[in-house]
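# Commentary on secondary and tertiary structure
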Amino acid sequence: MKILVTGAKGFVGRNLVETLKNIRDGKDKTRGVDSDIEIFEFDLDTPEEKLEEYAQKADFVYHLAGVNRPKEEKEFMEGNFGFTSKLLDALKKYNNKAPVLITSSIQAALDNPYGRSKKAGEDLMFSYGKENDVKVLVYRLPNVFGKWCRPNYNSAVATFCHNIAHDLPITVNAREHMMTLVYVDDVVDELVNALSGKENREGDYCKVPVEHKIKLGEIADLLYSFKESRETKLVPDMTENSFSKKLYSTYLSYLEPDNFSYKLKMNVDDRGSFTEILRTVNAGQFSVNISKPGITKGQHWHNTKNEKFVVVSGRGLIQLRKIGTDEVINYEVGGDEITVVDMIPGYTHNIINLSDTEDLVTFMWCNECFNPEKPDTFFEEVANV
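In short, a report on the structure.

Right, let's get into the packing of aromatic side chains. Applying the stated criterion across every chain, the model contains ten aromatic pairs. With a centroid separation of 5.5 Å and 85° between ring planes, the pair formed by Phe126 and Tyr205 is classed as edge-to-face. Of this pair, Phe126 sits in helix α4 (residues 113-132) while Tyr205 sits in strand β9 (residues 205-206), placing them 79 residues apart in sequence. Residue Tyr205 is classed as partly exposed on the basis of its relative accessible area, which comes to 22%. Seen from their ring centres, Phe226 and Tyr251 are 6.1 Å apart, and the 55° between their planes marks the pair as tilted. Taken together, the residues Phe226 in helix α7 (residues 216-232) and Tyr251 in helix α8 (residues 243-252) connect sequence positions 25 residues apart. Tyr251 gets classed as buried once you look at its relative accessible area, which sits at 4%. Through successive ring pairs, a cluster of aromatic residues spans Phe145, Tyr183 and Phe243.

Unoccupied space between atoms shows up once a probe the size of one water molecule is rolled over them. Inspection of every chain in the model, using the stated rule, returns two cavities of 30 Å³ or more. Put simply, the second largest cavity is a space of about 40 Å³. Around the second largest cavity sit Tyr139, Arg140, Leu141, Pro142, Val182, Cys206, Lys207, Val208 and Glu211, which together line it. The element that contributes the greatest number of residues to the lining of the second largest cavity is strand β5 (residues 136-141), accounting for three residues. For the lining of the second largest cavity, the per-class residue count stands at six nonpolar, no polar and three charged.

Parameters and conventions
- Residues numbered from 1 in each chain as written.
- Predicted model: local features only at pLDDT ≥ 70, side-chain atom pairs only at ≥ 80, totals over all residues.
- Heavy atoms only, no water.
- Phe/Tyr/Trp six-rings, centres within 6.5 Å; stacked < 30°, edge-to-face > 60°.
- Helix = DSSP H or I, 4+ residues; strand = E, 2+ residues; numbered from the N terminus.
- Buried < 20%, exposed > 50% of the residue type's maximum accessible area, 1.4 Å probe, protein only.
- 1 Å grid on protein atoms, 1.4 Å probe; cavity = no way out; pocket = protein on both sides within 12 Å on 5 of 7 lines; lining within 4 Å.
- Points joined across faces, edges and corners; volume = space filled by probe spheres on them.
- Nonpolar A, V, L, I, M, F, W, Y, C, P; charged D, E, K, R; others polar.

Written out as structure tokens, the structure reads:
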């Protein structure tokens, strides 16, 4: 299949093209799309004669090119209607009946220069489909956000992400304004599905099925919390399809390379160190513990709190004893065979570095974030070793 993508270097176009390349190269086999595809990329810097060539050969057309921030108002109609007309004329010239998918905007329903130009492009597409017996797919997209979106252009989310990531101020004129947004990966999923005839339709239009509605002020608050998370260690809700999960990934994509890493506070003493890595909203906290040779750590129990210990380097002994009993349960663990040992509520437990020379490195998960006002931690030795 030969696939033409106009606006291939734009925000949605670039994300789509990279996905199509992964399908073509066999890196993404989850889409249910044949990998035997050829991609024709057309953008502003593509020689104009290429449009004729691609229009003659294409088996499917993604028409993503458009104008939304021109220098002059007339460019709206030239870019959103004029180029669409040129593309369709080229397809008709070669009697190419390939399906054509166009991304429009919810603003096509508004009476402004941009909206009118988008509506004109839609009408032209519908007419082309009827007159030429061609399948057309018209998507009225709301605000799209995600990686590679240009900041300080036409996306508040992109501008907020860029400015907050670069310690620049943002302006929130209407905190209560309700935004309707779609995530670029969800858009690409839908566009790829359309390639196989599995598009989602609502009346005459097609749509991305996963939308998010959130107030503008709440978006700003979330982004500031992401920036602060390097200090608070708190990551947002990461459940499948959550807005915060998608926005967090978007925010990270605006960081500069020299800001990808950050140091953590290590709690160091003569026994080794304990470092909290991150905290979650509803899934506890993650930490790394380093024990020096011969050192025993722990010797406590919990009522409700539970933990998972995973030794990743060194050789250790984990011991547990049920409160009120004498039997000690022993687990020898090491980095050569990754093993999870659960710390059971009501069992006092410890971890001992059995090496005389090497540090013992243990990755730890706890089902709740540490609360000094309610530590649920009670000292009691497991056994004498």
